[in-house]
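# Understanding the architecture of this molecule
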Amino acid sequence: EAQVTQNPRYLITVTGKKLTVTCSQNMNHEYMSWYRQDPGLGLRQIYYSMNVEVTDKGDVPEGYKVSRKEKRNFPLILESPSPNQTSLYFCASSTQPRALYGYTFGSGTRLTVV
Amino acid sequence: GESVGLHLPTLSVQEGDNSIINCAYSNSASDYFIWYKQESGKGPQFIIDIRSNMDKRQGQRVTVLLNKTVKHLSLQIAATQPGDSAVYFCAEINGGATNKLIFGTGTLLAVQP
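The structure reproduced in this document is the subject of the present report. (Residues numbered from 1 in each chain as written. Chains lettered and ligands numbered in written order. Predicted model: local features only at pLDDT ≥ 70, side-chain atom pairs only at ≥ 80, totals over all residues. Heavy atoms only, no water.)

### Details of the overall build of chain B
- In terms of regular secondary structure, chain B is built from 0 helices and 10 strands.
- Along the chain direction, N to C, the helices and strands of chain B fall in the order β-β-β-β-β-β-β-β-β-β.
- Expressed as a percentage of its 113 residues, the buried residues of chain B come to 42%.
- When contacts within chain B are restricted to residue pairs at least 6 apart in sequence, those whose partners lie at least 24 apart make up 54%.
- Here chain B displays about 5,500 Å² of accessible surface, and carbon together with sulfur accounts for 48% of that area. (Helix = DSSP H or I, 4+ residues; strand = E, 2+ residues; numbered from the N terminus. Buried < 20%, exposed > 50% of the residue type's maximum accessible area, 1.4 Å probe, protein only. Contact = heavy atoms within 4.5 Å. Areas by Shrake-Rupley, 256 points an atom, 1.4 Å probe, with all protein chains shown as cover.)

Dropping the structure here:
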């Protein structure tokens, strides 16, 4: 089954403790992206990657890092999480150069930073 | 945690009625549009798309209308069912630019039995 897999689904952590949210896709998509979703603000792009070793900032990159060492994986790293990073996170992937049929989204990771 | 549906405009319909969800998009250069459905606890799912050289596209029980003159999209759902209850987003891609989807804020569709 074609899918984007995120882990974990739920995570509660403390301020300052580094964490990684993993994302993997099995569709051989070049393009991958991370979004956060907050009530009243919709989906906002954090980082994206147009191919292996090619990453760029989205609209809200502060406090996040990403890497793209392999085509299928695009982890999101929070080096020092803070409570304002409590949110619902989605990984997405698509074909390049154009997103035929849009993006395929993962099921989400609900992160709480206390 | 808070539901994604909070703070969103809500459309409440009776089961069996038709639903129309509207979206205003921002960029006149956008050439591809998508409607997504997001159920509680899940990621957005593709419903239907339309390219800017079309003004109407039909799927199974869904129709998307595009009015480029006023930069407006609508999603029509026929014979709405309880399983249609979800948040619906429109999204646009700017032709020629990066692969970036710009999302609308969404509408919560509540289907009353």
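### A word on the environment of Ile-34 of chain B
- In this structure, Ile-34 of chain B sits in strand E3 (residues 30-38).
- Each C-alpha atom, one on Ile-34 of chain B and one on Ile-48 of chain B, is 5.9 Å from the other, the two residues being 14 residues apart in sequence.
- Beyond its immediate stretch of four places on either side in the chain, Ile-34 of chain B contacts Tyr-101 and Gly-102 of chain A together with Phe-46, Ile-48, Asp-49, Phe-89, Cys-90, Ala-91 and Leu-101 of chain B.

### Here we look at the sheet that holds strand E7 (residues 65-66) of chain A
- If you walk across this open sheet you meet the 4 strands as E1-E3-E8-E7 (chain A), and the pairing is antiparallel. The open sheet terminates on both sides in strands that have one partner only, identified here as strand E1 (4-7) and E7 of chain A. (Pairing = 2+ DSSP bridges.)

### Regarding the environment of Glu-53 of chain A
Residue and element names in this part refer to chain A.
- Along the chain, Glu-53 falls in the loop between strand E5 (42-51) and strand E6 (54-57).
- For the pair Glu-53 and Lys-69, spaced 16 residues apart in sequence, the C-alpha to C-alpha distance is 5.8 Å.
- Setting aside its immediate chain neighbours within four residues, Glu-53 contacts Arg-68 and Lys-69.

### Looking at the pattern of salt bridges
- Applying the stated criterion to the full structure yields 8 salt bridges over all chains.
- With a shortest N-O distance of 2.9 Å, Arg-61 of chain B and Asp-84 of chain B are connected by a salt bridge. Of the two residues, Arg-61 of chain B sits in the loop between strand E5 (56-58) and strand E6 (62-67) while Asp-84 of chain B sits in the loop between strand E7 (72-77) and strand E8 (86-94), which places them 23 residues apart along the sequence.
- The network of salt bridges with common partners includes Lys-18, Lys-65 and Glu-79 of chain A. (Salt bridge = Lys/Arg side-chain N within 4 Å of Asp/Glu carboxyl O.)

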